[in-house]
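Structure at a glance
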Amino acid sequence: MKCRKCRLEFKRALELFNGDIVCPRCFKSLTPGEDDFAVGEEEEADFKLSETYYLSYLELASRPEAYPKEKEKRNKKIETYRKKALEYCERAANAYHPEAIVDMGYYYYKGYVSLGQGGFGRFRTAYRYFMGIIDRKNNNNIYEVYSKYYSLKGEKMPAEAAKEKVRMILGKAVNYMKDMYLSAPSEFVSNRKGNIYGVDATNKKLGEELAGLNFDYKIVRDETAKALSPKIDSLIEILKTCTQKSAARTPIFGMYEVTQSDVMRLREFMDNLRSADRGSLLCALEGERNNGAFDFSVFYDDPARVFAGAKKVIFCFCNKNSSAKNMKRDISSGALGANFSKTEAGLKNIASLFDPNGGEELSDIVQGAFNGKDARGNESYLFYIDDAYLLFNKLMESGDTTAEAFLSLLNEKYKD
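A brief report on the enclosed structure follows. (Residues numbered from 1 in each chain as written. Predicted model: local features only at pLDDT ≥ 70, side-chain atom pairs only at ≥ 80, totals over all residues. Heavy atoms only, no water.)

Description of the overall build of the protein
When helices and strands are tallied, the protein shows 17 helices and seven strands. The 416 residues of the protein split such that 53% are buried. Look at the contacts in the protein between residues 6 or more apart in sequence, and 69% of them connect residues 24 or more apart. Total accessible area on the protein stands at roughly 19,800 Å², and carbon and sulfur atoms take up 50% of it. (Helix = DSSP H or I, 4+ residues; strand = E, 2+ residues; numbered from the N terminus. Buried < 20%, exposed > 50% of the residue type's maximum accessible area, 1.4 Å probe, protein only. Contact = heavy atoms within 4.5 Å. Areas by Shrake-Rupley, 256 points an atom, 1.4 Å probe, with all protein chains shown as cover.)

Below is the structure:
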């Protein structure tokens, strides 16, 4: 991309703390202004390519049966489609194509850009993209560029077509904004003094910009939902201990049945961890499909896709924060005695289950725990150091990581 002020060509813009996007040399804001928007053949082509790649990404990601014997090939294709969708959308957005700007806001708040980015940066950036379109002073310019574009294309009623297009883009930005505020962290949307992103401040801003346009823009944030999930409160406390190397005893691996709102809360927790602590927790989601099989998804995948058509979704985590010293301490007086090397190997085996290119074993284990013939109907399972050795290492060494093999060991562990 190229800065219009200093003409610097660069691959990625600088993201400021307040969410603004600026040139890395001259710091000119790249957030669209009144005279910035452009719609031409090149911008339209890039935007349409982005849409095509994103639809291909969604289609393939929602079809676990595709490439059944070549999961690595399927996952590589999925990642290629995602990267291409972002590449072309970013190119069009940096040329100030209005629809691409809205989509970039969507990609930021959904976590597709800077996947796993901590803090509130992605929400602030998404807010900037959406408000760049919603801002009333920009609407006339968006209308003018589309009217000119449709005239050049030979549209019979370019003014009417442009008016309809602008309303569609505004509606898209407003709906994405409302959806973002349902999943954004509580501190980001709070109505504390001076917070321009708070629900009340944002509703006031939307009301001013959209006055007379008959949009249902009001953001409603239901904070009571958080109080209704003590299971997730408990899980978050457990995950906190996993980031503390001084904790006396922490689980090595865990599986919890979750709802979509639970996943939003878990993302909020993860986003606010230090990057080093966040890196110590490997997380994934497993969705049960109609045939009873479970399908692996990375934790920051689009939750709407993960939950679409899923009978249940399981959150899985692996705690990499147990240092060799802590592991030796934890098992020194247990049944494993000094058999540390095998326990360490067990932990490495568990971590390997979270490789997106080889998630069959994790899917089998989750299927055995939650959907097996003799499964006990639990909503969660936690495994500690001794379990890591007795269960997972045994499974990995035998080479049998099927649901049946895991279920047999699981029932032995939890037998009455």
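That covers the picture; the talk isn't over yet.
Quick look at the side chain of E99
Relative to the assigned elements, E99 resides in helix α3 (residues 98-110). Those residues in contact with E99 that lie beyond four places of it in its chain are F47, Y146, K165, M168 and I169.

Observations regarding the pattern of salt bridges
Using the criterion set out here, one finds 15 salt bridges in the structure. The partner of E237 in a salt bridge is K240, and the shortest N-O contact between them spans 3.2 Å. You can see E237 and its partner K240 sitting in helix α9 (residues 230-242), three residues apart, about one turn around the helix. For E237, a relative accessible area of 45% translates into the label partly exposed. Among the charged side chains, a salt-bridge network with shared partners connects D46, K84, E87 and R91. (Salt bridge = Lys/Arg side-chain N within 4 Å of Asp/Glu carboxyl O.)

Focus: the environment of Y150
Take Y150: it is sitting in helix α5 (residues 136-152). Other than its neighbours up to four places away in sequence, Y150 contacts E155, P158, A161, A162 and K165.

Overview of the sheet that holds strand β7 (residues 380-383)
Taken together, five strands build an open sheet; the order of strands is β5-β4-β6-β3-β7 and the sheet is antiparallel. Since the sheet does not close on itself, it has two edges, and those belong to β5 (294-298) and β7, each with one partner. Taken pair by pair, the neighbouring strands of this sheet meet at an average axis angle of 20°, ignoring direction. Sitting on the sheet, helix α15 (residues 360-371) is in contact with β3 (253-258), β4 (281-288), β5, β6 (312-319) and β7, with an inclination near 125° to β5. (Pairing = 2+ DSSP bridges. Axes fitted to C-alpha atoms, helices over the stretch in contact; angles between N-to-C directions.)

Observations concerning the pairing of β4
Counting buried residues in β4 gives seven out of eight residues, a clear majority hidden from the surface. Sheet topology note: the β4/β6 ladder contains eight bridges and is antiparallel. Note on β6: the bridge partner recorded for A284 is C316. One ladder, built from five bridges, connects β4 with β5; its direction is antiparallel. Each residue of the ladder has a partner; that of A284, found in β5, is V298. Hairpin connection between β4 and β5: a loop of five residues separates the two successive antiparallel strands, and G292 in this loop has a positive phi of roughly 90°.

Here we look at the nonpolar core
Core analysis: the biggest nonpolar cluster contains 58 residues, and Y107, I133, I134, M177, M180, Y181 and F188 have the highest contact counts within it. Counting residues per element, this core draws most heavily on helix α6 (residues 158-183), at ten residues. Listed in part, the 26 residues of the second largest apolar core include I252, I350, I365 and V366. (Core = buried A, V, L, I, M, F, W, Y, C linked by side-chain atoms within 4.5 Å.)

Observations regarding helix α10 (residues 260-271)
The terminal C-alpha atoms of α10, which comprises twelve residues, lie 16 Å apart, in line with the 16 Å expected from a rise of 1.5 Å per residue. Counting buried residues in α10 gives ten out of twelve residues, a clear majority hidden from the surface. Of all the residues in α10, the buried ones are D262, V263, M264, R265, L266, R267, E268, F269, M270 and D271. (Expected span 1.5 Å × (residues − 1).)

A closer look at the packing of helix α4 (residues 121-134) against α6
The description of two packed helices rests on the angle between their axes and on the distance between the axes. It is the contact of α4 with α6, at a shortest axis distance of 9 Å, that shows an interaxial angle of 155°. Regarding the angle of α4 to α6, the classification is roughly antiparallel. Crossing geometry of α4 relative to α6 is assigned as left-handed. Here F123, A126, Y127, F130, M131, I133 and I134 of α4 come into contact with α6, specifically with I169, L170, A173, V174, Y176, M177, M180, Y181 and S183. Across the contact of α4 with α6, the residue classes break down as 15 nonpolar, one polar and no charged. (Parallel < 35°, antiparallel > 145°, perpendicular 65-115°, else oblique. Left-handed = near helix turned anticlockwise from the far one by under 90°. Nonpolar A, V, L, I, M, F, W, Y, C, P; charged D, E, K, R; others polar.)

Focus: the packing of aromatic side chains
Enumeration according to the criterion identifies 22 aromatic pairs in this entry. On the numbers, 5.9 Å between centres and 25° between planes, the contact of Y54 with Y57 is stacked. A residue pair is termed a helical-turn pair when its members lie 3 or 4 positions apart in one helix, as Y54 and Y57 do in helix α1 (residues 41-61) at three residues. Of the residues examined, Y57 reaches a relative accessible area of 3% and is grouped as buried. Plain terms: the ring middles of Y181 and F188 are 5.9 Å apart, the flat faces sit at 50° to each other, and that makes the pair tilted. Taken together, Y54, Y57, Y106, Y107, Y109, F130 and Y176 form an aromatic cluster joined through their ring pairs. Sitting over the face of the ring of F215, R167 holds its NZ or CZ atom 4.3 Å from the ring centroid. Positioned above the aromatic ring of F299, the side-chain terminus of R267 is 6.0 Å from the ring centre. (Phe/Tyr/Trp six-rings, centres within 6.5 Å; stacked < 30°, edge-to-face > 60°. Lys NZ or Arg CZ within 6 Å of the ring centre and 35° of its normal.)

As for the packing of α5 against α6
Contact geometry of α5 with α6 gives a least axis separation of 8 Å together with a crossing angle of 135°. In this view, α5 runs oblique relative to α6, as classed from their interaxial angle. Seen from above, α5 lies across α6 with right-handed handedness. Here α5 contributes N139, I142, Y143, Y146, S147, Y150 and S151 to the contact with α6, which in turn contributes P158, A159, A161, A162, K163, K165, V166, I169 and L170. In terms of residue class, the contact of α5 with α6 is made up of eleven nonpolar, three polar and two charged.

Topic: unusual backbone geometry
Notably, Y96 is not glycine yet its phi reads approximately 70°, a positive angle. Along the chain, Y96 falls in the loop between α2 (71-94) and α3. Despite not being glycine, N214 has its phi angle at roughly 60°, a positive value. Examined against the element boundaries, N214 turns out to sit in the loop between α8 (199-209) and α9.

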